[in-house]
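Observations on chain architecture
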Amino acid sequence: MRLIGVAFLILTAIIFLLPEPEGFPILEYHQVTDEPLDPDFEVYNVPPAEFAAQLDYLAAAGYTTITLQDFMRVVHGKGELPEKPIVLTFDDGYADNYSTMLPILEAHNMTAVVYVITNELGKKNYLTLEQLKDMQRRGIEIGSHTADHLPLTSLDKNAQRRQISDSKIFLEWSGLQTIYSLSYPNGAFNSELEEILREENFLTAVTGEAGLNTLATNPYELCRVHIRKPRFGLTEFKFRLWKAKFFAKLRAL
Ligand SMILES: [Zn+2]
């Protein structure tokens, strides 16, 4: 046991001493509220005051928020990334993303990507189509979190395609601008899904794997770091940003 402990410490020290990894973080949020829908899953909500403090910190640390469409434009040779880019993403499409998150975001002149489960839209506590259209008008990128939020790797190929393409077609036929990005439900993905996403004209997809992203990262396997309800305020938030770097270093080993 002692040997394992020593080996772990040495490995951690080596990773710590490695040079700063390249790439930018993508943060994964869910609800921004003091009253989570399911108190058992409290980790999935960040209170508004904490969220505002996190954005204050990012602004002070020199980060510039971008959308994944901005990122893909640069991948395709149009323009350049800002000096310290960061992407804020919100999964599941909760109503508080419009009522609570958006005003805080706009007060910081920041942008975000919101991933919606299309069969939940308009239901209690979920975003409506009108709210999504308004968010797009205000510069928020809307993405798909599939039609029903089933882990895609557990479905056969036809069902996978339906979950992916139905959600995109529904949003676009409802009057939203083209949907280019997908968030894998439960972070479950594999390389066959990438093929379907390409065929369905998606340009990016985000996972739940911790790490950083560069222009060379597979755009269908973008890394994200999960921002849970913090127990230790900003210190914990900074730790999550550090965690993204740590995993980026690990991947580079
Ligand atoms: Zn989800």
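Coordinates for the structure precede this section.
Here we take up the packing of helix α2 (residues 48-60) against helix α8 (residues 233-252). Closest axis-to-axis distance for the α2/α8 pair is 10 Å, and the angle between their directions is 55°. Classified by the angle between their axes, α2 and α8 sit oblique to one another. For the element pair α2 and α8, the recorded crossing hand is right-handed. Here E50, A53, Q54 and Y57 of α2 lie close against α8, whose contacting residues are G233, L234 and F237. Residues that form the contact of α2 with α8 fall into these classes: four nonpolar, two polar and one charged.

For the rest of this paragraph, the subject is helix α1 (residues 2-17). The end-to-end C-alpha separation of α1 is 23 Å, in line with the 22 Å expected for 16 residues at 1.5 Å each. The buried fraction of α1 is low, at zero of 16 residues.

Each regular strand displays side chains that alternate between the two surfaces of the sheet. Of the two faces of strand β7 (residues 141-144), the one holding E141 and G143 and the one holding I142 and S144 are both buried throughout. You can see the chain leave strand β6 (residues 113-116), run along helix α5 (residues 129-137) and come back into β7, and the turn it takes is right-handed.

On to the packing of helix α6 (residues 157-173) against helix α7 (residues 191-199), then. Angle between the axes and distance between the axes: these two values describe a pair of packed helices. Direction vectors running N to C along α6 and α7 enclose 45°, while the axes themselves pass 10 Å from each other. Considered as vectors, α6 and α7 are oriented oblique to each other. The element α6 and its partner α7 pack so that their crossing is right-handed. Across from Q160, R161 and I164 in α6, the residues of α7 making contact are L193, I196 and L197. Residue composition of the contact of α6 with α7, by class: four nonpolar, one polar and one charged.

Conventions adopted
- Residues numbered from 1 in each chain as written.
- Predicted model: local features only at pLDDT ≥ 70, side-chain atom pairs only at ≥ 80, totals over all residues.
- Axes fitted to C-alpha atoms, helices over the stretch in contact; angles between N-to-C directions.
- Helix = DSSP H or I, 4+ residues; strand = E, 2+ residues; numbered from the N terminus.
- Parallel < 35°, antiparallel > 145°, perpendicular 65-115°, else oblique.
- Left-handed = near helix turned anticlockwise from the far one by under 90°.
- Contact = placed C-beta atoms within 7 Å.
- Nonpolar A, V, L, I, M, F, W, Y, C, P; charged D, E, K, R; others polar.
- Expected span 1.5 Å × (residues − 1).
- Buried ≥ 20, exposed ≤ 12 C-beta atoms within 10 Å, placed from the backbone.
- Right-handed = clockwise from strand over helix to strand, strands pointing away.

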